[in-house]
Amino acid sequence: MTTRLLLALDEHWPAEPACPWVLLGPDGQPTAEGHSEPRHWPAAAEVEVVLTGAQCLWLEVPLPGAARRDLPRLIAYALEDRLLKDPDTQHLTVSHRRPAGDGERDLVGVLVIARERLRSLLAQLAALGRSPRRVVAAVQTAPAGPEGWHLAVAGPDAVLRSAVTTGVALDADLLIPLLAQQAATARAANQAPDALHVHLAPGSGGPDTAALARETGLPVSVADPYRWWAGADRHAASLLHGEFASREQGAAWLARLRPAALFAAAALGLWLLANVGEVLWLRHTLDGVQTRIARVYATTFPNSPAVAPAAQMRQQLNQERARHSLLRDDDALALLAQAADALGTDALDGVAALRYEDGRLDLSLQGPAAARAPALGGLLAARGLLADVRRDGNATHLVLRRESLQ
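What you are looking at is a predicted structure, and each value in this text was computed from that prediction instead of being measured.

### Quick notes on the overall build of the protein chain
(1) Moving on: Each helix and strand counted, the protein chain has 10 helices and 17 strands in total.
(2) Moving on: Taking 2.2 N^0.38 as the reference for a compact globule, 406 residues should give roughly 22 Å; the C-alpha atoms of the protein chain span a radius of gyration of 42 Å, well beyond that estimate.
(3) Moving on: With respect to the three principal axes, the spread of C-alpha positions in the protein chain is 125 × 50 × 35 Å.
(4) Moving on: In the protein chain, which comprises 406 residues, the share counted as buried stands at 35%.

As structure tokens, this is what we get:
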């Protein structure tokens with residue numbers, strides 16, 4: 001891990017540029033801490049921001065099951081009557097999703113911040129050369145637990161966590177009456193907590209616990225100190241996504257894909273190399289066969305130039321066959337035998353008429369043989385035949401001939 005600089009920015013920053021900060025070492029433990037203006041912030045490999053106060057609102061809304069692509073639209077619709085401003089002006093971040101209990105809907109946690117506020121913060125930090133990799137909200141990172149309520153107080157800011165999935169920012173100056181109202185509302189809904197645990201930031205004053213217990217009607221205890229940076233771990237939802245996604249995040253995502261990409265590139269290279277090698281070997285083999293044919297032809301017909309040795313030998317063979325009254329391979333019966341072999345069982349009752357002239361055999365096909373004729377070109381070409389299929393009205397003609405020297 002690398003060093004991380006965490007900044008606690010309230011709603012008055014950057015108009016009031018000084019803010020709390022802490023520098024975490026590679027082990028995640030603080031190595032330095034302070035409260036100063038940007039020019040005194042220490043150098044760090046990464047910067048993260050915790051937004052304190054009421055800059056972020058954390059809500060839970062019930063949503064029906066829907067495709068992931070429809071989630072932003074459904075969330076914006078569900079928040080319309082719970083926000084003072086148009087949801088389109090807000091940047092929405094999903095923090096969690098849990099069953100609502102009715103079997104049909106889920107409760108979706110949403111962090112809400114004004115889009116212009118977040119854009120202004122990021123622009124100012126970029127101008128300072130401190131672009132953050134993550135931005136989280138204190139309403140989510142403040143202490144929480146499954147038992148009782150947890151109140152975190154740091155100077156003028158306070159966060160009440162009534163559950164691990166909820167949090168609300170409170171004004172420390174009005175803390176006791178606000179908590180008394182919250183407790184009364186929970187008691188009326190039969191959801192009053194067993195206790196209120198107060199976490200105070202080191203060096204920060206807190207509310208009068210006796211008055212707090214008296215006004216809320218809840219047992220109050222002082223719990224572990226509130227360290228604002230301790231909860232800003234990797235489990236907190238970062239607001240930097242969508243239009244606010246940082247380039248570093250994209251680079252990190254590409255870096256995670258790099259090993260797989262390198263492996264795929266190496267596999268592709270080996271595949272191409274194997275195919276090129278196979279093509280070269282086949283070409284070498286073909287050249288050897290052609291050389292052997294030419295050598296055999298030159299030995300057999302020493303006074304005849306080799307133009308197309310295989311075809312020339314076939315022609316010489318046909319001439320010798322004709323001289324001895326034998327069947328040539330381009331005679332009608334030889335061509336008809338090849339056609340019948342290619343047609344297979346479809347040749348039965350498939351030839352309606354035939355015509356042979358000058359080495360060409362014209363077969364008039366019908367039934368299954370006519371339907372199969374267009375697919376015979378490749379099969380007959382492998383046997384040294386040229387095939388042409390044409391239609392004349394309702395008749396299908398298959399014209400065959402031997403390849404010539406031209």
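### With respect to the pairing of strand β8 (residues 134-137)
(1) Moving on: Burial of β8 is two-sided: the residues Arg134 and Val136 facing one way and the residues Val135 and Ala137 facing the other way are all buried.
(2) Moving on: Summarising the sheet, strand β4 (residues 46-51) and β8 pair through 4 bridges and their orientation is parallel. Bridging across to β8, Val50 finds its partner in Val136.

### Re the nonpolar core
(1) Moving on: Among the nonpolar cores identified, the biggest contains 42 residues, and Leu7, Leu9, Trp41, Leu51, Val135, Trp228 and Leu239 are the most heavily contacted of them.
(2) Moving on: Elements supplying a minimum of two residues to this core: β1 (4-9), β2 (19-24), β4, β7 (105-114), α2 (115-127), β8 and α3 (138-141).
(3) Moving on: Setting aside anything within four residues of it in sequence, one finds Trp41 in contact with Leu5, Leu7, Trp13, Pro17, Cys19, Trp21, Ser36, Leu125, Leu128 and Arg130.
(4) Moving on: Judged by nonpolar contacts, the second largest core, of 15 residues, contains Leu335, Leu343, Leu363 and Leu376.

### So, the environment of Leu9
(1) Moving on: Note on placement: Leu9 falls in strand β1.
(2) Moving on: Residues Leu9 and Gln366, spaced 357 residues apart in sequence, show a C-alpha to C-alpha distance of 86 Å.
(3) Moving on: In this structure Leu9 touches Cys19, Val49, Val50, Leu51, Thr52, Gln55, Leu121 and Leu125, once residues within four positions along its chain are discounted.

### Here's the deal with the pairing of strand β11 (residues 166-171)
(1) Moving on: As judged from the 5 bridges shared by strand β10 (residues 157-163) and β11, these two strands associate in the antiparallel manner. Bridge pairing links Ala158 to Leu170 in β11.

### Details of the pattern of salt bridges
(1) Moving on: In the structure shown here, the tally under the stated rule is 11 salt bridges.
(2) Moving on: In this structure, a network of salt bridges that share partners links the residues Arg115, Glu116, Arg119 and Glu243.

### Brief notes about the sheet that holds strand β9 (residues 149-154)
(1) Moving on: On the basis of which strands lie adjacent, the open sheet formed by 5 strands has the order β11-β10-β9-β12-β13 and mixed pairing. The sheet is open, and its two edges are formed by β11 and β13 (220-222), each paired on a single side. Taken pair by pair, the neighbouring strands of this sheet meet at an average axis angle of 25°, ignoring direction.
(2) Moving on: Two elements, strand β12 (residues 196-200) and β13, share 3 bridges in a ladder whose sense is parallel.

### Digging into the sheet that holds β7
(1) Moving on: Reading across from one edge, β5-β7-β6 is the order of the 3 strands in this open sheet, with antiparallel pairing throughout. Pairing within the sheet leaves two strands with one partner each, and these edge strands are β5 (57-64) and β6 (90-99). Each strand axis lies, on average, 30° off the axis of its neighbour in the sheet, ignoring direction.
(2) Moving on: In this structure, β6 lies alongside β7, joined through 9 bridges in antiparallel fashion. Bridge pairing in β7 links His96 to Gly109.
(3) Moving on: Lying over the sheet, helix α1 (residues 71-79) contacts β5, β6 and β7, oriented at roughly 110° with respect to β5.

### Things to note about unusual backbone geometry
With the exception of glycine, most residues fall at negative phi, and the peptide bonds are largely trans.
(1) Moving on: The amide bond that connects Trp13 to the next residue, Pro14, takes the cis arrangement and shows omega of 10°.
(2) Moving on: The backbone phi angle of Asn190 is positive, close to 60°, even though this residue is not glycine.

### Details of the state of the cysteines
(1) Moving on: Across all of its chains, the model carries 0 disulfides by this definition.
(2) Moving on: The closest cysteine sulfur to the non-disulfide-bonded Cys19 is located on Cys56, 16 Å from its own sulfur.
(3) Moving on: Relative accessible area serves as the criterion here: at 2%, Cys19 is assigned to the buried category.
(4) Moving on: Residue classification places Cys56 among the buried residues on the basis of a relative accessible area of 5%.

### Brief notes about α2
(1) Moving on: With 13 residues, α2 ought to run about 18 Å at 1.5 Å a step, and its terminal C-alpha atoms sit 18 Å apart, in line with that.
(2) Moving on: Within the sequence span of α2, burial applies to Arg117, Leu118, Leu121, Leu122 and Leu125. Within α2, the buried residues cover an arc of 125° as seen down the axis, which keeps them to one side. Of the residues in α2, the exposed ones pointing more than 90 degrees away from the buried face are Glu116 and Ala127.
(3) Moving on: Among the residues trailing α2, Gly129 stands out with phi positive, at a value near 75°.

### Side note on the packing of helix α4 (residues 175-188) against helix α5 (residues 209-216)
(1) Moving on: Viewed as axis vectors pointing N to C, α4 and α5 meet at an angle of 35°, and their least axial separation amounts to 8 Å. Every pair of crossing elements has a handedness; the one defined by α4 and α5 is right-handed. Packed against α4, whose contacting residues are Ile176, Leu179, Ala180, Ala183 and Arg187, the element α5 presents Ala211, Leu212, Glu215 and Thr216 at the interface.

### Notes on a nonpolar patch on the surface
(1) Moving on: A surface patch of nonpolar side chains, amounting to about 330 Å² of accessible area, comprises Leu268, Trp271 and Leu272.
(2) Moving on: Within the secondary structure, Trp271 sits in helix α6 (residues 247-300).

The rules behind each value
Note on numbering: residues in each chain are counted from 1, in written sequence order. Only residues with pLDDT of 70 or above have their local features reported here, since the model is predicted, and side-chain atom pairs are shown and tallied only from 80 upward, although totals for entire chains, interfaces and linings are computed over all residues. Heavy atoms from the whole structure form the basis of all side-chain values; hydrogens and water molecules are not counted. Secondary structure counts use DSSP, requiring at least four H or I residues in a row for a helix and at least two E residues in a row for a strand, with both numbered from the N terminus. We take the radius of gyration over the C-alpha atoms and set the globule estimate at 2.2 Å times the residue count to the 0.38 power. Working definition: with a 1.4 Å probe on protein chains only, accessible area under 20% of the residue-type maximum means buried, over 50% means exposed, and in between means partly exposed. Note on pairing: DSSP must find at least two bridges between two strands before they are called paired. Here, nonpolar core refers to any group of buried Ala, Val, Leu, Ile, Met, Phe, Trp, Tyr and Cys residues whose side-chain atoms link them within 4.5 Å. The contact criterion used throughout is that any non-hydrogen atoms of two residues lie within 4.5 Å. Any carboxyl oxygen of Asp or Glu within 4 Å of a side-chain nitrogen of Lys or Arg constitutes a salt bridge here. Axes here refer to lines fitted to C-alpha atoms; in helices the fit is confined to the stretch in contact. Angles between the N-to-C directions go from 0 to 180 degrees. By disulfide we mean two sulfur atoms from cysteines, separated by a distance within 2.5 Å. One less than the number of residues in a helix, times 1.5 Å, gives the span that helix is expected to have. Directions drawn from the helix axis to the C-beta atoms are what define this arc. Should the near helix be turned counterclockwise from the far one by less than a right angle, the crossing is left-handed, whereas a clockwise turn marks it as right-handed. For patch building, the residue pool is restricted to those with more than 30% relative accessible area and no salt bridge; the joining distance is 9 Å between like charges and 5 Å between nonpolar side chains (Val, Leu, Ile, Met, Phe, Trp, Tyr). Each accessible area value is a Shrake-Rupley result obtained with a 1.4 Å probe; residue values ignore everything except the protein chains displayed when judging cover.

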